[in-house]
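Understanding the architecture of this molecule
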Amino acid sequence: ATLVATPTSVPAGRVSFVLANTGALVHELVVLPLPSDGLGTRPVGADGKIDESQSLDEASRSCAAGTGDGIAPGSTGWTTIILKPGRYELVCDMPWHYAAGMFDVLTVT
């Protein structure tokens, strides 16, 4: 499974994220500041999840905005947040998905 940011760079301000789940499993999109160690370096806990305490927002509700229990296969979820210039890590934090490489970077200019 992969998570791909398209486009990879956006202007600062209001940014809308739309997550189309084209896979066979439930997924989500969590927006976090890029770690100082770089993309994909967050520690994964025994539950297969990362620490989301720095989350700026997430898209994890099928056919709706904001937080829920995940986006079902074939469904879309979204969220809109205000982002300052910088680099952000977009991740799926369903158990073991981050460890499997479901993350990408978004640059905000």
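As a starting point, this report considers the structure included with it. (Residues numbered from 1 in each chain as written. Predicted model: local features only at pLDDT ≥ 70, side-chain atom pairs only at ≥ 80, totals over all residues. Heavy atoms only, no water.)

With two bridges connecting them, strand E1 (residues 9–10) and strand E7 (residues 103–108) associate as parallel partners. Paired with Val-10 across the two strands is Val-108, which belongs to E7. Of the strand pairs in this sheet, strand E6 (residues 86–91) and E7 are connected by six bridges, and their pairing is antiparallel. Looking across to E7, one finds that Arg-87 is bridged to Thr-107. (Pairing = 2+ DSSP bridges. Helix = DSSP H or I, 4+ residues; strand = E, 2+ residues; numbered from the N terminus.)

Spatially, the five strands line up as an open sheet ordered E1-E7-E6-E3-E4, and their pairing is mixed. Looking at the sheet topology across the chains shown, the edges are occupied by E1 and strand E4 (57–59). Examined bridge by bridge, strand E3 (residues 29–33) and E6 share four bridges and lie antiparallel to one another. Paired with Leu-32 across the bridge in E6 is Glu-89.

Once that is clear, we can look at the pattern of salt bridges. This model, assessed by the stated rule, comprises three salt bridges. With a shortest N-O distance of 2.5 Å, Glu-89 and Arg-42 are connected by a salt bridge. Placement of Glu-89 in strand E6 and of Arg-42 in the loop between E3 and E4 is noted, with a sequence separation of 47 residues between them. Residue Glu-89 is classed as buried on the basis of its relative accessible area, which comes to 0%. The exposure class assigned to Arg-42 is buried, which follows from its relative accessible area of 12%. Across the salt bridge formed by Lys-49 and Asp-93, the nearest N and O atoms sit 3.7 Å from each other. (Salt bridge = Lys/Arg side-chain N within 4 Å of Asp/Glu carboxyl O. Buried < 20%, exposed > 50% of the residue type's maximum accessible area, 1.4 Å probe, protein only.)

This part takes up the layout of surface pockets. Summary: where empty space remains is shown by rolling a probe the size of a single water molecule over the atoms. One number sums up the size of the largest pocket: a volume of about 430 Å³. As for the largest pocket, its lining consists of 23 residues, and the residues nearest its centre are Leu-3, Val-4, Ala-5, Val-18 and Leu-19. The leading source of residues in the lining of the largest pocket is strand E2 (residues 13–20), at six residues. Residues belonging to the lining of the largest pocket are distributed by class as follows: 15 nonpolar, seven polar and one charged. (1 Å grid on protein atoms, 1.4 Å probe; cavity = no way out; pocket = protein on both sides within 12 Å on 5 of 7 lines; lining within 4 Å. Points joined across faces, edges and corners; volume = space filled by probe spheres on them. Nonpolar A, V, L, I, M, F, W, Y, C, P; charged D, E, K, R; others polar.)

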